Amino acid sequence: MKMTSLLVVCATFVLASCASEPSCEGPQSRNLSTAVDQAKSSLANGCTAYFDSYYDTLLRTAEGDPKPENKRVFSEFLVWAADEGLLSQRQAKEYYNRYFNVKFMTLVSDYNNCSHTCPRRDRVLLDMERELSDKERGLLKVSLDNDGYYRADELFKEVELVLEATCTACAAGR
């Protein structure tokens, strides 16, 4: 009889622990504001490991209804995430800038170009291309900021030329 009681207690404990697991289903709404609210609710209830997935889902949702004010919605969501401690202030800025600013986060460094950037120039340019793709998504597909995207594209081309010239000069100076 004691064994049966022990089994019942164990089963109850297992079921209770399963019931306390948060449901981390991502945002389902096709309306960005509603999807953001769903993401916030899930994130606030223990689903922080899914932040990147939720952010991607929110971007896809916004692509279904692109408009300039979507930038503000993402900014407010990232400020909320930083205020909740899900991201640092720096991380929140990096998320926003990667998608919605012409400035390239890939280039933010205090390193000397000759000793740090030039030896890994191909990697830096590949990272910048990936970031340009994210900017296309955020600036063009989410917020309809054609001018911003084309400025980012021009900046990419200018950096590519300057980096090539700089690395050539660094190699000649050795």
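Up top you'll find the structure we're talking about.
Worth saying up front: this structure is predicted, and the values here are computed from it rather than measured.

Conventions we followed
Residues numbered from 1 in each chain as written. Predicted model: local features only at pLDDT ≥ 70, side-chain atom pairs only at ≥ 80, totals over all residues. Heavy atoms only, no water. Helix = DSSP H or I, 4+ residues; strand = E, 2+ residues; numbered from the N terminus. Buried < 20%, exposed > 50% of the residue type's maximum accessible area, 1.4 Å probe, protein only. Contact = heavy atoms within 4.5 Å. Areas by Shrake-Rupley, 256 points an atom, 1.4 Å probe, with all protein chains shown as cover. Disulfide = S-S within 2.5 Å. Axes fitted to C-alpha atoms, helices over the stretch in contact; angles between N-to-C directions. Parallel < 35°, antiparallel > 145°, perpendicular 65-115°, else oblique. Nonpolar A, V, L, I, M, F, W, Y, C, P; charged D, E, K, R; others polar.

Trainee: Is there a simple way to think about the overall build of the protein in this case?
Mentor: When you go through the protein residue by residue, the secondary structure sums to 8 helices and 0 strands. Ordering the α and β elements of the protein from the N terminus gives α-α-α-α-α-α-α-α. Here the protein, with 174 residues, has 34% of them falling under the buried criterion. The contacts of the protein with a sequence gap of at least 6 include a subset with a gap of at least 24, amounting to 66%. Carbon together with sulfur atoms contributes 52% to the accessible area of the protein, which is approximately 10,900 Å² in total.

Trainee: I'm lost on the state of the cysteines in this one. Help?
Mentor: Simply put, disulfide is the name for a covalent bond between the sulfur atoms of two cysteines. Scanning the entire structure with this criterion turns up 3 disulfides. Sulfur-sulfur distance for the disulfide between C24 and C47 comes to 2.0 Å. Around the S-S axis, the bridge from C24 to C47 shows a dihedral of about -85° and counts as left-handed. A residue pair is termed long-range when its members are at least 10 positions apart, and C24 in the loop between helix 1 (2–19) and helix 2 (32–44) and C47 in the loop between helix 2 and helix 3 (51–63) qualify at 23 residues.

Trainee: What exactly am I supposed to notice about the packing of helix 2 against helix 4 (residues 70–83) here?
Mentor: Geometrically, a packed helix pair is captured by the angle between its two axes and the distance between the axes. Between helix 2 and helix 4, whose axes approach to 11 Å, the crossing angle comes to 10°. Viewed along their axes, helix 2 and helix 4 adopt a mutual orientation that is roughly parallel. Of the residues in helix 4, those in contact with L32, V36, A39, K40, L43 and A44 of helix 2 are N70, V73, F74, F77 and W80. Its residues assigned to classes, the contact of helix 2 with helix 4 comprises 9 nonpolar, 1 polar and 1 charged.

Trainee: What should I look at first to understand unusual backbone geometry in this one?
Mentor: With the exception of glycine, the majority of residues adopt a negative phi angle, and the majority of peptide bonds are in the trans configuration. One non-glycine residue, L144, adopts positive backbone phi at about 55°. Locating L144 in the fold gives a position in the loop between helix 7 (121–142) and helix 8 (146–172). For L144, a relative accessible area of 45% corresponds to the partly exposed category.

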